[in-house]
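Reading the structure
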Amino acid sequence: MGEEPKKAESEAASQLPTRAEEDGPVKEEKEASLNDAANEKGLVPASEKAADPPAAAKVSRGSNNRDTLLARVESEKRYALIKAWEENEKAKVENKAHKKLSAVASWETTKKAYVEAKIKKFEEKLQRKKAEYAEKMKNKAAEFHRVAEEKKAVIEAKKGEECLEVEETAAKYRATGYTPRKFLGCFSS
């Protein structure tokens with residue numbers, strides 16, 4: 001167990017730049033690129049950005065520089081973990097909301113289908129009743145027409161009988177020479 005921290009420190013130390021690499025423009029470029037990358041990602045808070053002195057102003061080298069680099073790496077790691085956690089939690093919230101929205105949409109679709117089926121069933125029932133009522137009315141109209149035709153036939157038959165009777169009476173009056181009283185009642189004396 002005691003060897004693991006020592007290994008981690010030795011690996012961290014091997015990753016740090018050597019004294020020869022720190023001198024010169026290469027060190028300034030590395031620090032500038034680290035600062036730029038941290039600033040672009042938004043991982044370093046504003047208080048730490050203001051607290052970091054410019055690279056040219058750093059006087060102490062060696063263990064202080066390594067400690068600041070380790071602290072910076074640790075801080076960046078912590079901020080990256082926090083950001084990953086935040087994104088993960090946001091994704092969970094979005095998935096949960098999407099699931100609930102899908103459930104509501106499914107419920108709405110089911111209810112709409114139920115209502116539309118009821119409306120269709122009611123419309124079909126209404127159409128059947130309308131057709132039945134129209135059939136009844138047509139039957140009534142046909143019955144009225146049949147009765148009217150019968151009455152017309154009776155009237156025509158009666159008219160024919162009365163015409164025949166009038167013709168017979170007129171023939172009788174001609175044969176006997178009498179004039180009908182009802183017709184010329186006002187002219188007769």
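A quick note: this is a predicted structure, and the numbers were derived from the prediction, not measured.

Thresholds applied
- Residues numbered from 1 in each chain as written.
- Predicted model: local features only at pLDDT ≥ 70, side-chain atom pairs only at ≥ 80, totals over all residues.
- Heavy atoms only, no water.
- Helix = DSSP H or I, 4+ residues; strand = E, 2+ residues; numbered from the N terminus.
- Buried < 20%, exposed > 50% of the residue type's maximum accessible area, 1.4 Å probe, protein only.
- Contact = heavy atoms within 4.5 Å.
- Patch = residues over 30% accessible without salt bridge, like charges linked within 9 Å, V, L, I, M, F, W, Y side chains within 5 Å.
- Areas by Shrake-Rupley, 256 points an atom, 1.4 Å probe, with all protein chains shown as cover.
- Salt bridge = Lys/Arg side-chain N within 4 Å of Asp/Glu carboxyl O.
- Lys, Arg positive; Asp, Glu negative; His and termini not counted.
- Charge placed at Lys NZ, Arg CZ, Asp CG, Glu CD.
- UniProt positions renumbered as here; feature names shortened; annotations may be inferred.
- pLDDT = per-residue confidence, 0-100.
- Phe/Tyr/Trp six-rings, centres within 6.5 Å; stacked < 30°, edge-to-face > 60°.
- Lys NZ or Arg CZ within 6 Å of the ring centre and 35° of its normal.
- Expected span 1.5 Å × (residues − 1).

1. Topic: the overall build of the protein
A count of helices and strands for the protein gives six helices and zero strands. Listing every helix and strand of the protein by position from the N terminus yields α-α-α-α-α-α. With 189 residues in all, the protein has 7% of them scored as buried. Summarising the internal contacts of the protein: among those between residues at least 6 apart in sequence, 74% fall at separations of at least 24.

2. Some thoughts on a positive patch on the surface
Taken together, the side chains of Lys-118, Lys-121, Lys-125, Arg-128 and Lys-129 define a basic patch exposed on the protein surface. Mapped onto the elements, Lys-121 comes out in helix α5 (residues 63-176). Classification of Lys-121 by relative accessible area gives exposed; the value is 63%.

3. Re the UniProt feature "coiled-coil region" (unreviewed entry) in the protein
The sites that UniProt annotates as "coiled-coil region" (unreviewed entry) are residues 112-143. Annotated as residues 112-143, this span is 100% helix and 0% strand, and its ends, taken at the C-alpha atoms, are 46 Å apart.

4. A few points about the confidence of the model for the protein
For the protein, the mean per-residue pLDDT works out to 78, and 63% of the residues sit at or above 70. Mean pLDDT across the elements of the protein ranges from a minimum in helix α2 (residues 19-22), with 44, to a maximum in α5, with 95. Counting interchain partners and residues more than four positions distant, the pLDDT-below-50 stretch residues 16-30 has 15 contacts. Here residues 55-60 is a poorly scored stretch, pLDDT under 50, and it has six contacts once near neighbours within four places are set aside; other chains count.

5. Thoughts on the packing of aromatic side chains
Taken as a whole, this structure holds zero aromatic pairs when the rule is applied. The ring of Tyr-79 carries the charged tip of Arg-78 above its face, separated from the ring centre by 5.5 Å.

6. Comments concerning α5
The end-to-end C-alpha separation of α5 is 165 Å, in line with the 170 Å expected for 114 residues at 1.5 Å each. Along α5, the positions that sit buried rather than exposed are Asn-65, Leu-69, Arg-72, Ser-75, Glu-76 and Tyr-79.

7. Examining the environment of Pro-180
One can find Pro-180 in the loop between α5 and α6 (181-184). With 11 residues separating them along the chain, Pro-180 and Thr-169 place their C-alpha atoms 9.1 Å apart.

8. Some remarks on the pattern of salt bridges
Applying the stated criterion across every chain, the model contains seven salt bridges. One salt bridge in this structure joins Lys-90 and Glu-86, with 3.4 Å as the shortest N-O distance. With Lys-90 and Glu-86 both in helix α5, this residue pair falls four residues apart, about one helical turn. On the accessibility criterion, Glu-86 (37% relative accessible area) is partly exposed. One network of salt bridges, with partners in common, ties together Glu-143, Arg-146 and Glu-150.

9. Brief notes about a negative patch on the surface
Together, Glu-161, Glu-162, Glu-165, Glu-167 and Glu-168 give the surface a local cluster of negative charge. Of note, Glu-165 is situated in helix α5. On the basis of relative accessibility, which here comes to 54%, the residue Glu-165 falls in the exposed class.

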